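Architecture and fold: a report
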Amino acid sequence: MRNAEIAAALGELATLYELDGANRFRVIAYREAARVIRDCPHSVAELAREGRATDLQGVGETLQMKIVALLDEGEIPAAVKLKKKLPATLVEITRIPGVGAKTVRKMYDELGIASLEDLRVAASEHRLRGVKGLGAKLEENVLEALDRIESEGHEERRLLSETLEVGEQLVETLRQLPAAGRVELAGSARRWGETCKDIDIVATATDPEALADALLEHELADERRSGGAGGASIRTHNGLKVDLRIVPPAEFGNLLQHFTGSKEHNVKLRERALGLGLSISEHGVTETETGKVQTCETEAEVYKAVGLPYIEPELRHGEGELAEAENGELPNLVTVEEIRGELHCHTTLSDGKNTLPEMVEAARRRGYAYLAVTDHSASHGFGNDVQADALLERAAEIRDLDAATKRMKLLAGSEVNVMPDGSLDYEDEVLAQLDWVIASVHTSFRMSAERMTQRLISAIEHPLVDCIGHLSGRLLLKRDPYDLNVGPIFAAAAANGTMIEINANPRRRDLNERNARLAADAGVRIVINTDAHQTATLDNMRYGVATARRAGLGAAQIANTRSWRSFAPLRKRTRA
DNA sequence: GCCGTTTTCGGCCCGACTGTTTTCAGTCG
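Residues numbered from 1 in each chain as written. Chains lettered and ligands numbered in written order. Predicted model: local features only at pLDDT ≥ 70, side-chain atom pairs only at ≥ 80, totals over all residues. Heavy atoms only, no water.

1. Details of the overall build of chain A
Scanning chain A from N- to C-terminus turns up 24 helices and 17 strands. Each of the three principal axes of chain A carries a C-alpha extent, and together these read 80 × 65 × 50 Å. Counting all 576 residues of chain A, 51% fall into the buried class. In chain A, once contacts between residues fewer than 6 apart in sequence are set aside, the share between residues at least 24 apart is 66%. Within chain A, one finds 73 positive and 90 negative side-chain charges whose respective centroids are separated by 2 Å. (Helix = DSSP H or I, 4+ residues; strand = E, 2+ residues; numbered from the N terminus. Buried < 20%, exposed > 50% of the residue type's maximum accessible area, 1.4 Å probe, protein only. Contact = heavy atoms within 4.5 Å. Lys, Arg positive; Asp, Glu negative; His and termini not counted. Charge placed at Lys NZ, Arg CZ, Asp CG, Glu CD.)

Rendered as structure tokens:
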């Protein structure tokens, strides 16, 4: 059973308990455990089988037992019992924004509303207002929310790249204004998360209303919501919600820290503050005893107030970063500027949009010291296959171009397909004539974890494979990663000196940050590649670097931060 | 239900907003 399924079962049980009126901290404990399990990079089912689920922060003996029961019986007995007492469909109703367990329970007890359909009927007949505490506005909100759920499903997340396209433009516009002081993106966009729900901007201004108005009047704004000296809120034409908050400069650090999150990080930070007799909010740091408030112009001051050094936004997961900060163990994170070479890109030979010379020139302009050209291989679909003779012809072309290109090394490479049996789709004698080989899975995604793991290990052990491309095959918001066991894969990669890429395409970010961390800890050499299919997407490097940073990795762990001289001998083909 | 540089019991993050209310509970981020 996957972690996501276990997490979903515990999340449902949390809501059932909440509907049943259980102690709210018990409910919080189940939700927290569900979150930890969802994010855990290992199989929690396996951990639970070994009795080690309690290794996870937030999972105790009770939950360990409940997970095992879930694995054995397919259901948690406590949930079965509660579902006899209450309709399971009540859980769905709590998905409506503004309608929580307490409200659902009240509507069920007093009006017999047990499902979303019941709720729609009752709301349109204005029967909700008959319940104390519920009114006309709720009926209106409920009907709107039900329409939205039916038409587009619920809350919509989108790729960071789509969010930044809007967010960076808005920030740039606001910064140009004479009234603007500091203007910064906050939220998950500033932490370089994979996907975002909305855009948070925090600012200071000499004329706050002018800044708020500028957002309301921006050409990207479709729906204009509130506005004033405290900030403004809009929805863009493509449906993104944008919140701007404006505060006096003295509080800017508090506000930026608060709205950068993550929520989990902030919770941990406030817990730490409490232990020091302090209370942290978006307005300042308060001494609990005296009520004295310290405001902070910078985030660094907020962290200093609780005895910590500044923590980079990408590290604010709410996991071990506070302890690392306290012990002086925060990593020195890799930067885009430190990347010296690109090792995965395509040209018009396969499915790229730009020619070989165009890609080379674009990489040269970015100041790279080396570029590997890695078109798709012989069995690639959609008419983009490259047969062996065409590849070797291309390799000769690349070497000619290399000889004529100053200050940049060009590598003749390929992104070869790993077939379902683990073999590659060029003969070894062809691969031996290349400078660099990436092996990727592009077909037969639906294999068992065991077979997929073996398939990848076969490629990793191949003496002419330098690197594995987009390991999990996931497409964010579109396609789940295929089943595989990363433990043996990383062990094999480390043992064989096979590198693994962080694919920087913002739709992939693959390795993800958790696996990137595990891989680095296992001793795997990691490279960050854009997999660019045109010159413009060479710029996606920043998303791959972001994933590495979120994994806590520094330049030393990323092979393509090395100079060409230092990188070249890391390839297998240069060894005896 | 979980957990421990105040702890194995007694706590468990903070504030704003909303809608419904004459002072607040519920929900959210």
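2. Observations regarding the protein's contact with DNA strand B
Around DNA strand B there are 41 residues in total, and G58, G60, G100, G135 and R270 lie nearest to it. For DNA strand B, the fraction of atoms within 4 Å of the protein that belong to sugar or phosphate moieties is 74%. Contact between DNA strand B and G135: a phosphate oxygen at 2.4 Å from a main-chain N or O atom of the residue. The side chain of K197 places a nitrogen or oxygen atom 3.4 Å from a phosphate oxygen of DNA strand B. Elements with a contribution of two residues or more to the surface near DNA strand B: α2 (24–39), α4 (61–73), α7 (101–111), α9 (136–152), α14 (263–275) and β8 (278–281). Element by element, the count of residues in the surface near DNA strand B is highest for α14, at 6 residues. For the surface near DNA strand B, the residue count by class is 16 nonpolar, 15 polar and 10 charged. (Near = heavy atom within 4 Å. Polar contact = N/O pair within 3.5 Å; in protein donor to acceptor, adjacent residues only side chain to side chain. Nonpolar A, V, L, I, M, F, W, Y, C, P; charged D, E, K, R; others polar.)

3. Let's talk about the packing of aromatic side chains
According to the stated counting rule, one finds 8 aromatic pairs in the structure shown. On the basis of an interplanar angle of 35° and a centroid distance of 6.2 Å, the ring pair of W564 and F567 is categorised as tilted. Taken together, the residues span about one helical turn, with W564 and F567 both in helix α24 (residues 564–567) at a distance of 3 residues. Judged by its relative accessible area of 0%, F567 falls in the buried class. In this structure an aromatic cluster arises from ring pairing among Y370, W436, W564 and F567. Taking NZ or CZ as reference, R26 lies 4.4 Å from the ring centre of Y17, over its face. (Phe/Tyr/Trp six-rings, centres within 6.5 Å; stacked < 30°, edge-to-face > 60°. Lys NZ or Arg CZ within 6 Å of the ring centre and 35° of its normal.)

4. Overview of helix α10 (residues 160–176)
Taking 1.5 Å per residue as the helical rise, α10 with its 17 residues ought to reach 24 Å, and the 24 Å between its terminal C-alpha atoms agrees with that figure. Those residues of α10 that fall on the buried side of the exposure criterion are L160, S161, T163, L164, V166, G167, L170, V171 and L174. (Expected span 1.5 Å × (residues − 1).)

5. A few points about the pairing of strand β4 (residues 198–205)
Among the 8 residues of β4, 8 are classified as buried, and the element is accordingly described as predominantly covered. What you see with β4 is no split at all: D198, D200, V202 and T204 on one side and I199, I201, A203 and A205 on the other are buried throughout. Note: strand β2 (residues 180–185) against β4, 4 bridges, orientation antiparallel. By the bridge assignment for β4, L185 is matched with I201. The sheet contact formed by β4 and strand β7 (residues 241–246) spans 6 bridges and is parallel. By the bridge assignment, D200 is partnered in β7 with D243. (Pairing = 2+ DSSP bridges.)

6. Considering the pattern of salt bridges
Across all of its chains, the model carries 41 salt bridges by this definition. Here E12 makes a salt bridge to K83, at a shortest N to O gap of 3.2 Å. Of the two residues, E12 sits in helix α1 (residues 3–19) while K83 sits in helix α5 (residues 77–85), which places them 71 residues apart along the sequence. The exposure class of E12 is partly exposed, given its relative accessible area of 26%. K83 sits in the partly exposed class, given a relative accessible area of 29%. Each of E32, R35, D39, E264, E319 and R514 takes part in a single network of salt bridges with overlapping partners. (Salt bridge = Lys/Arg side-chain N within 4 Å of Asp/Glu carboxyl O.)

7. Observations regarding the sheet that holds strand β16 (residues 499–503)
Strands sit in the order β11-β12-β13-β14-β15-β16-β17 across an open sheet of 7 strands; the sheet is parallel. Either end of the sheet is taken by a strand with one partner, and the two such strands are β11 (341–342) and β17 (526–529). Pairing of strand β14 (residues 436–440) with strand β15 (residues 467–468), which is carried by 2 bridges, proceeds in the parallel orientation. The residue bridging A439 from the neighbouring strand is I468, located in β15.

8. Describing the packing of α1 against α5
For the pair α1 and α5, interaxial distance at closest approach is 10 Å and the crossing angle is 45°. The angle between the axes of α1 and α5 places the two elements in the oblique class. When the axes of α1 and α5 are compared, the crossing they make is left-handed. Contacts from E12, L13, L16 and Y17 in α1 reach A78, A79, L82 and K83 in α5. (Axes fitted to C-alpha atoms, helices over the stretch in contact; angles between N-to-C directions. Parallel < 35°, antiparallel > 145°, perpendicular 65-115°, else oblique. Left-handed = near helix turned anticlockwise from the far one by under 90°.)

9. Description of the nonpolar core
Grouped together as the largest cluster of nonpolar side chains are 64 residues, with contacts concentrated most on I468, L471, I489, F490, L511 and I528. If near-sequence neighbours (up to four positions away) are discounted, L511 is found in contact with L471, F490, I500, E501, I502, N503, A516, A519, I526 and T547. Core analysis: the next-biggest nonpolar cluster, separate from the first, contains 53 residues, A53, L116, L119 and L128 among them. (Core = buried A, V, L, I, M, F, W, Y, C linked by side-chain atoms within 4.5 Å.)

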